[in-house]
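The lines below spell out each chain.
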Amino acid sequence: MKDENIKQPNQENLENENTETQPIDDGSQENSATEEIQTNEEPTEEDKIESMGVKLQEINDKYLRLYSEFENYRKRTSKEKIELISNASEEVIKDILPVIDDFDRALESISKIEDEQVKQTMEGVNLIYKKLYSVLERKGLKPINAKDNEFNEELHEAIAQIPATSEEMKGKVIDETTKGYYLNDKVLRYSKVVVAI
């Protein structure tokens with residue numbers, strides 16, 4: 001009796017539950033699947049080759065740009081290194097130039113003395129001067145020849161102006177008070193000059 005009171009699920013209730021949980025198939029899923037297939041078509045061989053060609057061209061352009069930048073960098077650094085090596089002694093030579101000036105003035109004033117002993121001493125001093133000067137020349141030092149040449153503001157520094165004695169002397173350097181020098185074709189010190197106007 002007790003068993004009779006227990007409700008047994010009937011077949012109709014089970015069927016109703018199954019139909020409620022399952023989605024209704026109206027064919028719309030098939031339509032969306034076919035649409036996806038149509039829109040996601042795989043690219044053709046020609047499209048793949050074309051896109052690969054474009055990518056290859058981009059990579060090649062990047063490579064060429066990078067290569068040319070590296071070559072420019074390499075040339076620039078090697079040029080800077082050569083300049084640095086050739087002009088490494090610039091500061092030392094600049095400091096020695098006043099000594100050279102003093103030598104020039106001393107030799108000029110000693111040459112005016114007629115004493116025989118002084119002349120012998122001057123020969124020794126002259127040899128020392130020539131040795132020093134030849135060492136500096138090997139390092140790239142060259143004098144700027146200013147006297148009787150046209151005044152050039154890139155090489156000369158005018159410290160005075162005097163009236164010209166003739167028309168052809170106008171604009172020319174009459175006197176050089178301090179000699180100018182190049183170091184490897186770069187102006188190390190400007191010549192201090194007197195210009196005729």
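This text follows the structure it describes.
Along each chain, residue indices are assigned from 1 in the same order as the chain's sequence is written. At least 70 in pLDDT is required for a residue's local features to be given in this predicted model, at least 80 for side-chain atom pairs to be given and counted, and no such filter applies to totals for whole chains, interfaces and linings, which use all residues. As a convention, hydrogens and water are excluded, and side-chain values are obtained from all of the structure's heavy atoms.

Before going further, it helps to examine the pattern of salt bridges. Salt bridges, as used here, are contacts in which a Lys or Arg side-chain nitrogen is within 4 Å of a carboxyl oxygen on Asp or Glu. Per the stated rule, a full pass over the model turns up eight salt bridges. Taking the shortest distance from any N to any O, the salt bridge between E167 and K170 comes out at 3.5 Å. A salt bridge links K179 to E176; the nearest nitrogen and oxygen atoms lie 3.7 Å apart. To sort residues, take the accessible area from a 1.4 Å probe on protein chains only and compare it with the maximum for the residue type: under 20% means buried, over 50% means exposed, and anything in between is partly exposed. Its relative accessible area of 27% is what places K179 among the partly exposed residues.

This next bit is on the sheet that holds strand β6 (residues 191-196). Note on pairing: DSSP must find at least two bridges between two strands before they are called paired. Secondary structure elements are taken from DSSP: a helix is a run of H or I of four residues or more, a strand is a run of E of two residues or more, and numbering for both begins at the N terminus. Sheet architecture is open: three strands sit in the order β2-β6-β3, paired in mixed fashion. Pairing within the sheet leaves two strands with one partner each, and these edge strands are β2 (156-162) and β3 (173-178). Going across the sheet, the axis of each strand differs from the next one's by a mean of 30 degrees, ignoring polarity. The sheet contact formed by β2 and β6 spans six bridges and is parallel. Looking across to β6, one finds that H156 is bridged to S191. Whenever a helix is involved, its axis is fitted only over the stretch in contact; in every case the axis is a line through C-alpha atoms, and angles between N-to-C directions fall within 0 to 180 degrees.

A grouping of Y63, L64 and Y67 is seen on the molecular surface, where their side chains present a nonpolar patch of about 340 Å² in accessible area. As for its placement among the helices and strands, L64 is situated in helix α4 (residues 45-86). Residue L64 is classed as partly exposed on the basis of its relative accessible area of 46%. Like charges within 9 Å and nonpolar side chains (Val, Leu, Ile, Met, Phe, Trp, Tyr) within 5 Å are joined into patches, using only residues over 30% in relative accessible area that form no salt bridge. Note on areas: Shrake-Rupley with a 1.4 Å probe; residue coverage comes only from the protein chains shown.

On to the packing of aromatic side chains, then. We call Phe, Tyr and Trp rings a pair once their centres come within 6.5 Å, taking the six-membered ring for Trp, and we label the pair stacked below 30 degrees between planes, edge-to-face above 60, and tilted otherwise. Applying the stated criterion across every chain, the model contains three aromatic pairs. On the numbers, 5.4 Å between centres and 50 degrees between planes, the contact of F103 with Y129 is tilted. Residue F103 is located in helix α5 (residues 90-110), and its partner Y129 is located in helix α6 (residues 116-138); the two are separated by 26 residues in the primary sequence.

We now examine the nonpolar core. Side chains of a nonpolar character, in soluble globular proteins, are inclined to be buried together. To form a nonpolar core, buried Ala, Val, Leu, Ile, Met, Phe, Trp, Tyr and Cys residues must be joined to one another through side-chain atoms within 4.5 Å. Formed by I93, L97, I100, L107, M122, Y129, Y133, L136, L141, Y181, L183 and L188, the largest nonpolar core amounts to 12 residues. For this core, the secondary structure elements donating two or more residues are α5, α6 and β4 (180-183).

The next subject is the sheet that holds strand β1 (residues 141-144). Taking strand neighbours across the sheet as the criterion, the three strands line up as β1-β4-β5 in an open arrangement whose pairing is antiparallel. On the outer flanks of this sheet lie β1 and β5 (186-189), each paired with one strand and no other. Each neighbouring strand pair of the sheet contributes to a mean axis angle of 40 degrees, computed without reference to strand direction. Pairing of β4 with β5 involves three bridges; the strand directions are antiparallel. Note that in β5 the partner of Y181 across the bridge is R189. Strands in contact with α5 are β1, β4 and β5; relative to β5, the strand with the most contacts, it is inclined by about 55 degrees. Residues count as neighbours in contact if any of their non-hydrogen atoms are within 4.5 Å of one another.

All right, on to a negative patch on the surface then. Positive charges are assigned to Lys and Arg, negative charges to Asp and Glu, while His and the chain termini are left out of the count. Lysine's charge is taken at NZ, arginine's at CZ, aspartate's at CG and glutamate's at CD. On the surface, a cluster of negative charge is made up of E45, E46, D47 and E50. Mapped onto the secondary structure, D47 falls in helix α4.

Quick look at the pairing of β6 now. When you tally the buried positions in β6, you get five out of six residues, the bulk of the element. As paired elements, β3 and β6 share four bridges and run antiparallel to each other. Bridge assignment links T178 to a residue of β6, and that residue is K192.

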